[in-house]
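As a plain string of letters, each chain reads:
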Amino acid sequence: MSVTILDILKKKAEGKKITMLTAYDFPFAQIVDEAGIDIVLIGDSLSMVVQGNDTTISVTMDEMIYHARLVSRAVKNAMVVGDMPFMSYQISTEEAVYNAGRFLKEGGAHAVKLEGGASAADTIKAITKAEIPVMAHIGLTPQSIHKLGGYKVQGKDPKVAKRLLADAKAVEEAGAFAIVLEAIPANLAKEITRAVKIPTIGIGGGRHCDGQVLVLYDLLGLFNRFVPKFVKRYANLKADAIDAVKRYKEDVEKGRFPSEEQSFK
Ligand code: KIV
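Given the structure is predicted, the values throughout are model-derived calculations rather than measurements. (Residues numbered from 1 in each chain as written. Predicted model: local features only at pLDDT ≥ 70, side-chain atom pairs only at ≥ 80, totals over all residues. Heavy atoms only, no water.)

### Here's the deal with the overall build of the protein
Moving on, step 1. The helix and strand tally for the protein stands at 11 helices and 8 strands.
Moving on, step 2. For the protein, the C-alpha atoms occupy an extent of roughly 70 × 40 × 40 Å along the three principal directions.
Moving on, step 3. Looking at the protein as a whole, 49% of its 265 residues are labelled buried.
Moving on, step 4. Taking all contacts inside the protein whose residues are at least 6 apart in sequence as the whole, residues at least 24 apart take part in 58%. (Helix = DSSP H or I, 4+ residues; strand = E, 2+ residues; numbered from the N terminus. Buried < 20%, exposed > 50% of the residue type's maximum accessible area, 1.4 Å probe, protein only. Contact = heavy atoms within 4.5 Å.)

Now the structure itself:
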């Protein structure tokens, strides 16, 4: 049995940290799962890190489902969460429930994530009523980039901080099983984490969150168009891959590849 929402809630109750990472395809999802991460998110960040777009706005529901299928095929243990793309849940609660259902039926996910606080409460209620677990996402919500005016820390202003605390309580009340807190001051994340019973999962939310999430390609050094302050790099795979490809090129050009070893008799 995969990690379930009960395991995730239990971790908070027992003070154990929750680990979450994104993945977008079979080989990387297998790596994340075999490493023992609790939750694998097919993030709409794939719009930027896989498709090369400037924002997360343009990725479509069909594209998300395609990637969800690749990921869920690889994952044996983790909980798989599908990230609802822009305009897949904003138009009506009916469409939101339908699209959330597609993640489970067609994409093999166990839950969905969507961006928004109190304003998304009715949508969260409707999706959970359809027996689909929902993870909420507040703070810096990348789908609102044009309204927010950039990828900026949210909640430094006391009024916004108060609103974010109310948002966290509203999504908990609506039935969300966890909340992603993106790019908010560590003290605010601590206050929110104490104020709600459901786990908070930080990305730029500091150490007091119940868990942490990163975009896998940031952690592995595969995406370097920009590196947010909250990212910690654990590898430099882009540089390693360029080096490997250059060595292959040189071997071919100098007649060192293929050698006897790679040739048939
Ligand atoms: O799309 C994504 O990768 C996300 C995470 C950063 C939480 O929403």
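### A look at the pattern of salt bridges
Moving on, step 1. Scanning the entire structure with this criterion turns up 15 salt bridges.
Moving on, step 2. With a shortest N-O distance of 2.8 Å, Asp62 and Arg102 are connected by a salt bridge. Here Asp62, found in helix H4 (residues 61-74), pairs with Arg102, found in helix H5 (residues 93-105); they are 40 residues apart in sequence, far enough to count as distant.
Moving on, step 3. Ionic contacts of the salt-bridge type, sharing partners, join the residues Glu250, Asp251, Lys254 and Arg256 into one network. (Salt bridge = Lys/Arg side-chain N within 4 Å of Asp/Glu carboxyl O.)

### Some points on H4
Moving on, step 1. Compared with the 20 Å implied by 1.5 Å per residue over 14 residues, the 20 Å span of H4 between its first and last C-alpha is a close match.
Moving on, step 2. Every buried residue of H4 is accounted for by Met61, Met64, Ile65, His67, Ala68, Leu70, Val71, Ser72 and Ala74.
Moving on, step 3. Residues of H4 that are buried make contact with helix H2 (26-34), strand S2 (39-42), helix H3 (46-49), strand S3 (79-83) and H5. (Expected span 1.5 Å × (residues − 1).)

### Overview of the site of the ligand
Moving on, step 1. Taken together, Thr22, Leu41, Gly43, Asp44, Ser45, Asp83, Lys113, His137, Ile203 and Val215 form the complete shell of residues around the ligand.
Moving on, step 2. Asp44 places a polar side-chain atom, nitrogen or oxygen, 2.9 Å from an oxygen atom of the ligand.
Moving on, step 3. A distance of 3.0 Å separates an oxygen atom of the ligand from a polar side-chain atom of Lys113.
Moving on, step 4. Notes on the ligand: free accessible area 260 Å², of which the protein chains cover 95%.
Moving on, step 5. The residue makeup of the shell around the ligand, split by class, is 3 nonpolar, 4 polar and 3 charged. (Near = heavy atom within 4 Å. Polar contact = N/O pair within 3.5 Å; in protein donor to acceptor, adjacent residues only side chain to side chain. Areas by Shrake-Rupley, 256 points an atom, 1.4 Å probe, with all protein chains shown as cover. Nonpolar A, V, L, I, M, F, W, Y, C, P; charged D, E, K, R; others polar.)

### Focus on the pairing of strand S4 (residues 111-115)
Moving on, step 1. Burial within S4 is extensive, with 5 of its 5 residues counted as buried.
Moving on, step 2. Because side chains alternate across S4, one face comprises the buried residues Ala111, Lys113 and Glu115, and the other comprises Val112 and Leu114, equally buried.
Moving on, step 3. With 3 bridges joining them, S3 and S4 adopt parallel strand pairing. Across the sheet, the residue bridging to Gly82 is Val112, located in S4.
Moving on, step 4. In this fold, the crossover linking S3 to S4 by way of H5 has right-handed handedness.
Moving on, step 5. With 4 bridges connecting them, S4 and strand S5 (residues 134-139) associate as parallel partners. Of the residues in S5, the one forming a bridge with Val112 is Val134. (Pairing = 2+ DSSP bridges. Right-handed = clockwise from strand over helix to strand, strands pointing away.)

### Things to note about the pairing of S3
Moving on, step 1. Within S3, 5 of the 5 residues are buried, which leaves the element mostly enclosed by the surrounding structure.
Moving on, step 2. Two strands pair when backbone bridges link them, and S2 and S3 are joined in this way by 4 bridges, in the parallel orientation. Looking at the pairing, Leu41 lines up with Val81 of S3.

### Side note on the packing of H4 against H5
Moving on, step 1. Running from amino to carboxyl end, H4 crosses H5 at an angle of 25°, the nearest separation of the two axes being 9 Å. With respect to their mutual orientation, H4 and H5 come out roughly parallel. Crossing handedness for the pair H4 and H5: right-handed. On H5, the residues touching Met61, Asp62, Met64, Ile65 and Ala68 of H4 are Asn99, Arg102 and Phe103. (Axes fitted to C-alpha atoms, helices over the stretch in contact; angles between N-to-C directions. Parallel < 35°, antiparallel > 145°, perpendicular 65-115°, else oblique. Left-handed = near helix turned anticlockwise from the far one by under 90°.)

### Points about the sheet that holds strand S1 (residues 18-22)
Two pairing modes exist for strands in a sheet, parallel and antiparallel, and in both the strands are linked by backbone hydrogen bonds.
Moving on, step 1. Spatially, 8 strands are ordered S1-S2-S3-S4-S5-S6-S7-S8 in a closed barrel, and the strand pairing comes out parallel. Strand-to-strand twist in this sheet, taken as the mean axis angle between neighbours without regard to direction, amounts to 25°.
Moving on, step 2. Pairing analysis gives 5 bridges linking S5 to strand S6 (residues 178-182), with the strands arranged parallel. Residue pairing in the sheet places His137 in a bridge with Val180 of S6.

### So, the packing of H5 against helix H6 (residues 121-129)
Moving on, step 1. Here H5 crosses H6 at 50°, and the two axes come no closer than 9 Å. Classified by the interaxial angle, the pair formed by H5 and H6 is oblique. Regarding H5 and H6, the two cross each other, and that crossing is right-handed. Of the residues in H6, those touching H5 at Thr93, Ala96, Val97 and Ala100 are Asp122, Thr123, Ala126 and Ile127.
Moving on, step 2. Of the residues in the contact of H5 with H6, the class split is 5 nonpolar, 2 polar and 1 charged.

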